[in-house]
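Structural overview
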Amino acid sequence: MISVNRQQLIDLCKEYTDLTDLDTEHLISIADKLPYIANLNETDIFIDALNRNGKNAIVLAWARPGSRSLYKRSVVGELAYDYSEPAVLRSLKTGEAYRNIRGESQEGVPIAQTVVPISNSERKIIGVLIMERDISEEIRQEKQVQFLSRTAEQLSNTLMHLSMDGHKFGDWLGNGIFILNGRGKITYANTIAAQIYRTHNKTEEPAGCMFDYSLINCSSMDEMLAYLKEPVEYAVNKMNYLFQAFPLVAYGELSGSVISVQDITDLRKKEQELNAQSIILKEIHHRVKNNLQNIAALLRLQMRRSDSELIRQEFEASINRIISIAIVHEVFAYDEWDYINVTDFLNRLLTFLVDSITSPEHKITTRIDGEGILLKSSQAVPLALVLNELLSNSLKHGLSQVAEGKLKIVLQEKEDRVDILVSDNGPGYDPASLQSPKRLGLQIVYSLVEEQLQGRFRIKRTGTMTQASVSFPILRTKEVHHE
């Protein structure tokens, strides 16, 4: 923000204008307010007065906004000419206000000027207040719109010319193409469009006929262009089509339209078939889950008949393994695709294991961090068994010995590999016992990770936490190439 130089303004008035001392004082009183106006409007503000030669104006005062100015240096004392700032001279001579008049700044920047005359007590015009706004971006956009408009007109004329000449350019396209004139008459239809039209109309050749707007539930070209700015699907006589319409403009007037039609009937049929298959697969998963739960229920009955605590523990471990697989199938039964979200599965499995293994008075905090990793069923089932063993081991042997247990699972996907870290604040373990035949759970983990997941399993003690890590590559569907 630049403050106004009062003495400079007085000197300029004496040198260039015929203004009286009272007129000059009046301009100074207004000039003192310019910095506040400039900041308020975020524009450059000037006061100009008519040169005594009556042919141009002199810049008496200037205030720039605190944000960004059109000028790199002060233009106070410079002359404003009619050819670059016509509104200034007109306002000084006529006393009229002009708004958003385009011109050019002292530094050659395109501007929009708002010019308001300043009168003395005798209503004589003694100067003008000018607000200037940079319109470089507006002009650039206008030129771009003009270019696009000319391009659209040329394209429209070309398409109309090709349609009238019977050119076969539209046969290169995969969609049906109709070209309509301004009255809605079909002037051109490529082979695909003609076949579609003949399917639903008795006319042998669509060219020369009026387009049937009822196909797309419209009554006019204007209504059609409004509805079909984006592709819209319509079912016509048990067929499915995707319609989109584009206006043809010539000399600023609507001269016709191009209609693109894509037959998606086969695509919809395949989607219905896939949906039917998906329903069947979900039902299979649902039945497998129910069967596994029935098996678990039978094992529980047998477990209750035994008086041996060791046998009951083995039964319980086997039941948990079966339930973990049942949870996988439960997720598949409610999912849309043949992939399982590992985080979703873990939440269900962890809830089941905490409820079935720990007592209500035992305080355990669980946490799952990581991404929504998706796995196919061939990897989901062995991973379910692995996670069941690791979580069961933490809850039974680790966290059962601490007052406040903490169990944390971290999931990561890096370069087509899955990394899973299971940590608990249990008292630890004896490394020599990991290979003991009695540790069946860990043997199952090693076997499944290395043989079925082609991955790596590690367990270690870090600070106060026992950490078990599983890392394996994600199985991707392979493409089959036929020679």
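Structure: above.
Everything numeric here is computed off the predicted structure, so don't read it as measured data.

Moving on to the nonpolar core. Of all hydrophobic cores here, the largest spans 49 residues; its most connected members are Leu375, Leu391, Ile420 and Phe457. It is helix α11 (residues 377-398) that contributes the most residues to this core, nine residues altogether. Setting aside anything within four residues of it in sequence, one finds Leu391 in contact with Leu346, Leu349, Leu350, Leu353, Leu407, Ile409 and Val422. Of all hydrophobic cores here, the second largest spans 38 residues; its members include Ile28, Ile45, Ile47 and Leu70.

So, about the side chain of Glu389. On the secondary structure map, Glu389 appears in helix α11. Given the relative accessible area of 10%, Glu389 is considered buried. Ignoring sequence-local partners within four residues, the contact set of Glu389 consists of Arg321, Gly441, Ile444 and Val445.

A few words now on the sheet that holds strand β17 (residues 456-462). Taken together, the five strands give an open sheet; going across it, the order is β13-β15-β16-β18-β17, and neighbouring strands pair in mixed fashion. Of all strands in the sheet, those with a lone pairing partner are β13 (363-370) and β17, marking the two edges. Pairs of neighbouring strands in the sheet enclose a mean axial angle of 15°, with direction left out of account.

With antiparallel pairing, six strands are arranged side by side in an open sheet as β3-β2-β1-β6-β5-β4. Both edges of this open sheet fall to β3 (79-81) and β4 (98-104), since each of them pairs with a single strand only. Within the sheet, the average angular offset between the axes of one strand and its neighbour, ignoring direction, is 40°. The pairing of strand β5 (residues 110-119) with strand β6 (residues 125-134) spans nine bridges and is antiparallel. From the neighbouring strand, Ile118 faces β6, where its bridge partner is Gly127. Contacting β1 (44-50), β2 (56-63) and β3, helix α1 (residues 6-16) runs over the sheet at an angle of about 180° to β2. Sheet strands touched by helix α3 (residues 34-41): β1, β2 and β6. Its angle to β2, the strand with the most contacts, is close to 80°.

Time to look at the packing of aromatic side chains. For any pair of aromatic rings, the description rests on two quantities: the centre-to-centre distance and the angle between the ring planes. Here the structure, examined in full by the defined rule, presents 11 aromatic pairs. Geometrically, the ring pair formed by Trp62 and Tyr71 is edge-to-face, given 6.1 Å between the ring centres and 70° between the ring planes. The buried category is assigned to Trp62, whose relative accessible area is 4%. Relative to Phe243, the ring of Tyr241 lies with its centre 6.2 Å away and its plane at 65°, an arrangement referred to as edge-to-face. Phe243 gets classed as buried once you look at its relative accessible area, which sits at 3%. Of the aromatic side chains, those joined through ring pairs into one cluster are Phe178, Tyr197, Phe211 and Tyr213. When the ring centre of Tyr98 is taken as origin, the NZ or CZ atom of Arg90, which lies over that ring, is 5.3 Å away.

About the cut-offs
Residues numbered from 1 in each chain as written. Predicted model: local features only at pLDDT ≥ 70, side-chain atom pairs only at ≥ 80, totals over all residues. Heavy atoms only, no water. Core = buried A, V, L, I, M, F, W, Y, C linked by side-chain atoms within 4.5 Å. Buried < 20%, exposed > 50% of the residue type's maximum accessible area, 1.4 Å probe, protein only. Helix = DSSP H or I, 4+ residues; strand = E, 2+ residues; numbered from the N terminus. Contact = heavy atoms within 4.5 Å. Pairing = 2+ DSSP bridges. Axes fitted to C-alpha atoms, helices over the stretch in contact; angles between N-to-C directions. Phe/Tyr/Trp six-rings, centres within 6.5 Å; stacked < 30°, edge-to-face > 60°. Lys NZ or Arg CZ within 6 Å of the ring centre and 35° of its normal.

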